[in-house]
Amino acid sequence: MKPTFKRLALCCVLMAQLSSNAFAQQRRGARVDLIVSGGTVVTMDEGRRVIEDGAVAVRGGRIVAVGRRVDIARRFSAPEVIDAAGKAVIPGLINGHTHVPMVLFRGIADDLDLNEWLTKFIFPAEAKNVTEEFVRVGTQLGLAEMIRGGTTTYCDMYYFEDAIADETARAGVRGLLGETVIDFPVPDNKTWAEAMRYTEAFLSKWRGHALVTPAVAPHAPYTVSEEHLREVRAMSDRLGAAVVIHVSETRKEVDDISKQKGARPVEYLARIGFLSPRTVAAHTVHIDEAEIGLLKRHGVGSVHNPESNMKLASGVAPVPQMLRAGVLVGLGTDGAASNNDLSMWEAMDAAAKLHKLSSNDPRVVPAEDALALATIGGARALHMADRIGSLEEGKRADLVVVDLDELHQTPRYNIYSHLVYATKASDVRTVVIEGRVVMRDRRLLTLNEPLIKQKARLLRERVTRSLGRQ
Ligand SMILES: [Zn+2]
């Protein structure tokens, strides 16, 4: 064989190989990072599409396609495929209101009203125990519990929020995290000026982070002065940050604010220019028609916490009325000291049932709407619906694979009914946040569960001693 002919032959072989690779690539489809394949895909999109034998393709932390399994398999290939056959694939749940480190105060004082619970137990226990280390351990414990229950985004209000943000980013969980500011000395900041400096640094540090959205969280209209609330609004405007606050949680708050300010809490906040489309108001239990109108007009998100409101006997938020008026309503657990867990499944179930009972109408908050409160509704309430809340092309890849074959789920007629009224946090199998698998087949991949439990139990001893108990 002449050398030139040899080269030509080699060239032909290479070309044939290249074209067969290209053909195989075309046959396998475009490369993505991850495909969740099979199962009932509950999208919670505008059309509320439910796709039997569906699939979701993920690339670069983003959803690139949602459709039938066979179509996704034709269009895409991935090095990692999660088999979801026989399971449900739903958007990651959104816990719209909590105080994550308070899992360490789980069960410290129960069966009291908010005022007594807060002033006699929670504030003193916090003053004696909350350090950065305490907050870190509590956050790890809460994050582990939330991932196990399929929560992929949570909205928090606490102290040392920078440490909470750090733990949250490490665990790969999404958070709208608000540094709590309040008009008395607290564990991380002893004066208002200190708190403002801390918050400003916190907001600048985390701005633009893929998972952590920093926020400022004035505790409530009855614990933060008018002047300071105005300051918070100005900071929010300056830095484009969300503002998280408790509003109208109890009748006492409404009475006190009405006496001091001559207006109900939401009216007062509107009057001082505090409300904006970046505000997230937790609770809004005792609000009237006019206040519902104000929440809607100012684009305020409202987060409903049915279990905490029931346990503290705070009252029943007018959720059906808010939804009818077009208010952005989400759902939360509140801190574990007043719930006493972080399960969004129990929150959905409680929300659906509480409003039927209190309105004497079983048609309000049907199962599909309850799931919406914990997904797309929660995303809207946190002003994050452009990124999360539904399984749609272009949104961040936060999704949860849920088992559907446990005894308490057998047999199955309706997927929404099943998810809201029968499914438990322990049925969550696999959790993906920002395209990253953080729990696979019920095994946590970003947190050390035995170590976290051990550290939490040690802190329990410290808390008990600090309160003079045994
Ligand atoms: Zn709260």
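Just above, that's the structure.
Here is what the cut-offs are and how they apply
Residues numbered from 1 in each chain as written. Predicted model: local features only at pLDDT ≥ 70, side-chain atom pairs only at ≥ 80, totals over all residues. Heavy atoms only, no water. Donors = N, O, S within 2.8 Å, 3.2 Å for Na, K, Ca; no water. Tetrahedral: all angles 85-135°; square planar, octahedral: opposite > 155°, others 65-115°. Helix = DSSP H or I, 4+ residues; strand = E, 2+ residues; numbered from the N terminus. Expected span 1.5 Å × (residues − 1). Buried < 20%, exposed > 50% of the residue type's maximum accessible area, 1.4 Å probe, protein only. Arc of directions from axis to C-beta. Contact = heavy atoms within 4.5 Å. Pairing = 2+ DSSP bridges. Right-handed = clockwise from strand over helix to strand, strands pointing away.

(A) Quick look at the coordination of the zinc ion. Within the protein, the zinc ion binds to H97 (NE2), H99 (NE2), H246 (NE2) and D334 (OD); these donor distances fall in the range 2.1 to 2.4 Å. If you look at the zinc ion, its four donor atoms make angles of 85 to 176° with each other, and the shape they trace is irregular.

(B) View of helix α7 (residues 226-239). A rise of 1.5 Å per residue sets the reference length of α7, with its 14 residues, at 20 Å; its end C-alpha atoms lie 20 Å apart and thus fit the reference within 8%. Regarding α7, the residues found buried are H228, L229, V232, M235, S236 and L239. Here the buried residues of α7 occupy an arc of 120° about the axis, which is enough to place them on one side. Away from the buried face of α7 by more than 90 degrees, exposed residues E227 and R238 are located. Contact partners of the buried residues in α7: β12 (174-181), α6 (192-206), β13 (212-218), β14 (242-247) and α9 (265-271). Downstream of α7 by one or two residues, G240 has phi in the positive range, about 65°.

(C) Fine view of the pairing of β12. A large share of β12 lies buried, amounting to eight of its eight residues. With burial as the criterion, each face of β12 is covered, one bearing R174, L176, G178 and T180 and the other bearing G175, L177, E179 and V181. For strand β11 (residues 151-158) and β12, the ladder comprises six bridges, and the chain directions are parallel. Within β12, the position partnered with T153 by the bridge is R174. The parallel pair β11 and β12, bridged by helix α5 (residues 161-171), forms a crossover whose chirality is right-handed. Here β12 pairs with β13 via seven bridges, running parallel.

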